[in-house]
Amino acid sequence: MMTRTASSSTTATVVTTPAQLERLGEHLHKLRLQKSAERLEALLQHAAAQELPYADFLEQVLGEEVAAKTAKNVSMRTAMARFPFVKPLETFDFAYQPSIDKRQVLSLAGCQYIEHGDNVIVLGPPGVGKTHLAVSLGLKAIEAGYRVFFTSAAQLIATLSKALADGRLDEKLKFYTTPRLLIIDEIGYLPIDRIGANLFFQLISRRYERGPMILTSNQSFGAWGEVFGDRVIATAILDRLLHHAVTLNIRGNSYRLKEKLKAGLVRSFDDQSQPGGEI
Ligand SMILES: Nc1ncnc2c1ncn2[C@@H]1O[C@H](COP(=O)(O)OP(=O)(O)O)[C@@H](O)[C@H]1O
Ligand SMILES: [Mg+2]
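Residues numbered from 1 in each chain as written. Chains lettered and ligands numbered in written order. Predicted model: local features only at pLDDT ≥ 70, side-chain atom pairs only at ≥ 80, totals over all residues. Heavy atoms only, no water.

## Examining the site of ligand 1
Lining the immediate surroundings of ligand 1 are 15 residues, of which Lys87, Asp93, Gly127, Thr131 and His132 lie closest. At 3.1 Å from an oxygen atom of ligand 1 is found a main-chain nitrogen or oxygen belonging to Gly129. Protein burial of ligand 1: of its 550 Å² of free accessible surface, 89% is covered by the chains. Each residue belonging to the shell around ligand 1 can be placed in one class, and the counts come to 6 nonpolar, 5 polar and 4 charged. (Near = heavy atom within 4 Å. Polar contact = N/O pair within 3.5 Å; in protein donor to acceptor, adjacent residues only side chain to side chain. Areas by Shrake-Rupley, 256 points an atom, 1.4 Å probe, with all protein chains shown as cover. Nonpolar A, V, L, I, M, F, W, Y, C, P; charged D, E, K, R; others polar.)

In structure tokens form, the structure reads like this:
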């Protein structure tokens, strides 16, 4: 295989001829092994200097290539997911939000719910970390190799309504059915009209028992009748969503108010929920 043409082991050792290096480079480019093409010369010199066994050298080359390809793939799928921000689960401060069962979230990070086709529904008032958790779980899914797409409920319904008007509803429904995990954020922030509720129902029906979803809402399930402007359709949506679902109910202070709470400028959730805590 490699032959040393220089004997010094202290300085960089020449291990191949320029012609051979060029041929190797061409092979690697043809095989689309870009990282290996970039690193080959350095790795060959390192292997020769360290007198690495052949298998170790090969492991190093292939290991670097796989790591580079994985990182590229993850960042490509992260961009395609259209997250509003990229915050890994490791940045979530569980101590600030004791109503969240950390072990439950860490278990969801293992992505088994995706394999089972289960939904995750995150409920809670504004600022408690619903979007953050949805994004973080989405990132875990991407790391595990799944395709993820993030949208707000308002965006989703606007897109589907436009597709309906353009006679391309089926195509758009397919678009939202394709990603293995669909995240629908902010159900309940904006009222949904009858057509919107119907389109939402169609999408939920398509993904039902096939594609898992993460949904977030600031409204309890009981209030979804008002959110969708129709109790019957809200019940039909919830019936499908909750058939196989894990619900995280966050009760606590907005993280956005963290600094203000510290400074005593606003009252905490605990103060408000204590009897006599109302002003
Ligand atoms: N427990 C937490 N640890 C770290 N950052 C948090 C936490 N909860 C919320 N945040 C941050 O506070 C901001 C508001 O959270 P967000 O997830 O958008 O809230 P929600 O979707 O519930 O309204 C975001 O920047 C988010 O990253
Ligand atoms: Mg949010």
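Past the structure itself, the notes keep going.
## Section: the pairing of strand S4 (residues 213–217)
Summarising burial for S4: 5 of the 5 residues are buried, a large majority. Residues of S4 alternate between two faces, with Met213, Leu215 and Ser217 on one and Ile214 and Thr216 on the opposite face, all of them buried. Here strand S1 (residues 119–123) runs beside S4; their pairing, made up of 4 bridges, is parallel. Directly across from Val122, in S4, lies its bridge partner Thr216. Pairing analysis gives 4 bridges linking strand S3 (residues 181–187) to S4, with the strands arranged parallel. Pairing of Ile183 across the sheet is with Ile214, part of S4. With helix H9 (residues 194–207) bridging S3 and the parallel S4, this β-α-β connection has right-handed handedness. (Buried < 20%, exposed > 50% of the residue type's maximum accessible area, 1.4 Å probe, protein only. Helix = DSSP H or I, 4+ residues; strand = E, 2+ residues; numbered from the N terminus. Pairing = 2+ DSSP bridges. Right-handed = clockwise from strand over helix to strand, strands pointing away.)

## Section: the packing of helix H7 (residues 153–165) against helix H8 (residues 169–177)
Working note: a packed helix pair is described by the angle between its axes plus the distance between those axes. Packing of H7 against H8 brings their axes to within 7 Å, and their N-to-C directions diverge by 150 degrees. What the angle tells us is that H7 and H8 run roughly antiparallel. Between H7, through Leu156, Thr159, Leu160, Ala163 and Leu164, and H8, the contact on the second element is made entirely by Leu169, Lys172, Leu173 and Tyr176. (Axes fitted to C-alpha atoms, helices over the stretch in contact; angles between N-to-C directions. Parallel < 35°, antiparallel > 145°, perpendicular 65-115°, else oblique. Contact = heavy atoms within 4.5 Å.)

## A few points about helix H2 (residues 34–50)
With 17 residues, H2 ought to run about 24 Å at 1.5 Å a step, and its terminal C-alpha atoms sit 24 Å apart, in line with that. Approximately 55 degrees is the largest bend angle found in H2, and it occurs at Leu40. Of the residues making up H2, those classed as buried are Ser36, Leu40, Leu43, Leu44, Ala47 and Ala48. Positive backbone phi, approximately 50 degrees, marks Glu51, located one or two places after H2. (Expected span 1.5 Å × (residues − 1). Bend = angle between axes of the 7 residues up to and from the residue.)

## So, the sheet that holds S1
In sheet architecture, strand pairing relies on hydrogen bonds along the backbone and comes in two forms, parallel and antiparallel. Pairing is parallel across the open sheet formed by 5 strands, whose spatial order is S2-S3-S4-S1-S5. Unpaired on one side and paired on the other, strand S2 (148–152) and strand S5 (245–249) mark the two borders of the sheet. Between one strand axis and the next, the sheet turns by 15 degrees as a mean value, whatever way the strands run.

## Comments concerning unusual backbone geometry
Not every positive phi belongs to a glycine, and Cys111 is a case in point at roughly 70 degrees. With respect to the helices and strands, Cys111 occurs in the loop between helix H4 (102–108) and helix H5 (112–116). If you check the backbone angles, Glu186 has positive phi at about 60 degrees while not being a glycine. With respect to the helices, strands and loops of the structure, Glu186 is situated in strand S3.

## Comments concerning the packing of H9 against helix H11 (residues 231–243)
It is at 10 Å that the axes of H9 and H11 come closest, and there the two elements cross at 20 degrees. Classified by the angle their axes make, H9 and H11 are roughly parallel. Read as a crossing pair, H9 and H11 show a hand that is left-handed. Facing H9, whose interface residues are Ala197, Asn198, Phe200, Phe201, Ile204 and Ser205, H11 presents Ile233, Ala236, Ile237, Arg240 and Leu241. For the contact of H9 with H11, the per-class residue count stands at 8 nonpolar, 2 polar and 1 charged. (Left-handed = near helix turned anticlockwise from the far one by under 90°.)

## Section: the nonpolar core
Among the nonpolar cores identified, the biggest contains 31 residues, and Phe83 and Ile214 are the most heavily contacted of them. Excluding residues that lie within four positions of it along the chain, Phe83 makes contacts with Thr78, Val135, Gly138, Leu139, Ile142, Val148, Phe150 and Ile183. (Core = buried A, V, L, I, M, F, W, Y, C linked by side-chain atoms within 4.5 Å.)

## Quick word on the side chain of Lys130
For Lys130, the location among the structural elements is in helix H6 (residues 130–143). Summary of buried charges: Lys130 has no salt-bridge partner, and the nearest side chain of opposite charge, Asp185, is 6.9 Å away. Polar side-chain contacts of Lys130 include one of 3.1 Å to the backbone oxygen of Gly124. Apart from residues no more than four positions distant in its own chain, Lys130 is found in contact with Val122, Leu123, Gly124, Pro125, Tyr189, Thr216, Ser217, Asn218 and Ile250. (Lys, Arg positive; Asp, Glu negative; His and termini not counted. Salt bridge = Lys/Arg side-chain N within 4 Å of Asp/Glu carboxyl O.)

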